[in-house]
Structure formats: structure tokens, C-alpha cells
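Spelled out from the first residue to the last, the chains are:
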Amino acid sequence: MPTPPASTEPAARDTADGPRAHAALLLLSAASGAADAFVFICVGQVFAGVMTGNLVLLGASAAGAGEEGVALRVVTALVSYGCGVAWGAVAGERMWWRLPVMLLAEVVLLTAGAVLWACGLITSDADRLGLLVVMGLAMGIQGRVRATPTNYFTGTLTSLVGRVARRAWRPGDSWVAGRLLAVVAGAALAALMVRLWPASGAVAPAGLAGAALLVEAAGRRALRASART
């Protein structure tokens, strides 16, 4: 009987296991919140990673509600996020070091966005669309990094509240609640930076994703070291 091909879905690989992996997920969740807050505040009332919200905004715009030009920004966010997901899916199938490579790609994109914003190079609506593309690509890649969600949380919240209501709390649910709080904390951090130091608004998501990459890299080095002993 032929062996079925290995699944390339995120759930088939790279699930979180251990404190380091969970810490990386917390940082990525915070990065997601920071990226969405920055894009919503500074780029134009859309989201870089919350595609459900963008679909709602697209429907409202089609009915004549919302800001002028929001439909174009929503479509740009949807397409760029989709391209990031597609690249992540291909990379996850073909690359041996898929997780660090994908995380590095995300960090590079977020850092590029932070530099462009900090240097005052985003001065027009077209520039903002370009920045939205960069942020959307990064969030799409993040969506494929691990099976555990770090930038879409409706299902996560629904499952967690359901287990709490049934008094079926699991040992790992503290990490689940932590990821939800991390989104809020990341968004608050980005909003505060935009308010106090406007040029640094995009630094928070880049820094948080970079920290997640370092945590993942440290964890992998520790695993290799323990395997040699």
C-alpha cells in the first residue's frame, strides 16, 4: 500500500512544545497586535493580519459606508496577506529550515517597513499602499509559521471561553490566554509609540518578531546541543 504524502498544512508540523516555543508564540502574537494597530492608525483604517475584519470593511465599503479609498486598501491588504500565506506554504513544503527562514523573512519585511516609516519616506497614499503590502506580506507569512494561531484569534477565543464555561480548563490554556493578552499588549505598545514617538510606530512589530526569531534560534541550538550529549 503506498504511503500517503506528508501534509503541508501548518497543523502537520512545527507545533509549539516547551517554554521556549510558547514564549516565541507570545512574542509573535504581540507582534501581530502591534502590526495591526500600527497599520490601522497610520496606514488607513484597515488591518495587516485580521482578514475577517478586512472582509467586513470591504462589505461596508461596497454599501457606501466607511472612509473614501478604504476598499482599495482592504483589497491591497487581502492580496498581500494571501501572497504571504502562499509563499509560506511553498516554503514550508520545500525548505528544511522552514521555520527560521520564514521567521527571518517576516522580520526583514517588518524591519523594512519600520525603516521606511521612521525615515519619513511614506508621504503619499501610494506610499501607504506600498507599506501596507509589506506589512500584509509579513503577517501572511506569520500565519504559516506554526500550526498554533498567532494572528487570527476568533477561534482561539471561542474554544477557550467554551472550555472555561464547561469547567474543562486544560494545563496549556494559560498559554492560550497569554497569547490573547499578548495581542492586546502588542497593540497597546504600538499605539503608545505612535502617540509619543510617531516615527517609531512600526518598530514594535519588527522588534517583537525579531525577539521571537531569537527565542526560536536559541531553542534550536539548545536542542542540537542536548542531542550531541
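Just above sits the structure.
Residues numbered from 1 in each chain as written. Predicted model: local features only at pLDDT ≥ 70, side-chain atom pairs only at ≥ 80, totals over all residues. Heavy atoms only, no water.

Undergrad: Please explain a nonpolar patch on the surface as it appears in this structure.
TA: Taken together, Leu192, Leu196 and Trp197 make up a surface patch of nonpolar side chains, about 330 Å² in accessible area. In this structure Leu196 comes out as partly exposed when scored by relative accessible area, which is 47%. (Patch = residues over 30% accessible without salt bridge, like charges linked within 9 Å, V, L, I, M, F, W, Y side chains within 5 Å. Areas by Shrake-Rupley, 256 points an atom, 1.4 Å probe, with all protein chains shown as cover. Salt bridge = Lys/Arg side-chain N within 4 Å of Asp/Glu carboxyl O. Buried < 20%, exposed > 50% of the residue type's maximum accessible area, 1.4 Å probe, protein only.)

Undergrad: Would you mind showing me how to read the packing of helix 4 (residues 98-118) against helix 5 (residues 125-145) here?
TA: The relative placement of two packed helices is expressed as an angle between their axes plus a distance between the axes. Running from N to C, helix 4 and helix 5 point in directions that differ by 160°, and their axes come no closer than 9 Å. Taken together, helix 4 and helix 5 sit at an angle that is classed as roughly antiparallel. In the crossing of helix 4 with helix 5, the sense of the turn from one axis to the other is left-handed. When helix 4 is examined against helix 5, the residues Leu99, Met102, Leu103, Ala105, Glu106, Leu109, Leu110, Gly113 and Trp117 are found in contact with a partner set consisting of Arg128, Leu131, Val134, Met135, Leu137, Ala138, Met139, Ile141, Gln142, Arg144 and Val145. Residue composition of the contact of helix 4 with helix 5, by class: 15 nonpolar, two polar and three charged. (Axes fitted to C-alpha atoms, helices over the stretch in contact; angles between N-to-C directions. Helix = DSSP H or I, 4+ residues; strand = E, 2+ residues; numbered from the N terminus. Parallel < 35°, antiparallel > 145°, perpendicular 65-115°, else oblique. Left-handed = near helix turned anticlockwise from the far one by under 90°. Contact = heavy atoms within 4.5 Å. Nonpolar A, V, L, I, M, F, W, Y, C, P; charged D, E, K, R; others polar.)

Undergrad: Please explain helix 6 (residues 154-165) as it appears in this structure.
TA: Compared with the 16 Å implied by 1.5 Å per residue over twelve residues, the 16 Å span of helix 6 between its first and last C-alpha is a close match. Along helix 6, the positions that sit buried rather than exposed are Thr156, Leu160 and Arg163. Seen from one end, helix 6 has its buried residues packed into an arc of 65°, which puts them on one side. Every exposed residue of helix 6 that faces more than 90 degrees away from the buried side is listed here: Thr154, Thr158 and Ala165. (Expected span 1.5 Å × (residues − 1). Arc of directions from axis to C-beta.)

Undergrad: Help me understand the packing of aromatic side chains, please; the structure alone is not making it clear to me.
TA: We describe a pair of aromatic rings using the distance from one ring centre to the other and the angle between the two ring planes. Per the counting criterion, the structure on display carries two aromatic pairs. For the ring pair Phe38 and Trp117, a centre distance of 5.2 Å and an interplane angle of 85° mean the geometry is edge-to-face. Remark: Trp117 occurs in helix 4 and Phe38 occurs in helix 1 (residues 19-44); sequence separation between them is 79 residues. Across the pair, exposure class does not vary: Phe38 and Trp117 are buried alike. Each ring, one from Phe40 and one from Phe47, has its centre 5.1 Å from the other, and the planes form 25°; the classification is stacked. Judged by its relative accessible area of 23%, Phe47 falls in the partly exposed class. (Phe/Tyr/Trp six-rings, centres within 6.5 Å; stacked < 30°, edge-to-face > 60°.)

Undergrad: Please clarify how unusual backbone geometry should be interpreted in this entry.
TA: A positive phi is found at Gln45, a non-glycine position, where the angle reads about 55°. Examined against the element boundaries, Gln45 turns out to sit in the loop between helix 1 and helix 2 (51-62). Overall, Gln45 belongs to the partly exposed group, its relative accessible area being 30%.

Undergrad: Teacher, can you tell me more about the environment of Val90 here?
TA: Inspection of the secondary structure assignment puts Val90 in helix 3 (residues 70-94). Val90 sits in the partly exposed class, given a relative accessible area of 40%. Taking the C-alpha atoms as reference points, Val90 and Arg144, 54 residues apart in sequence, are found 9.9 Å from one another.

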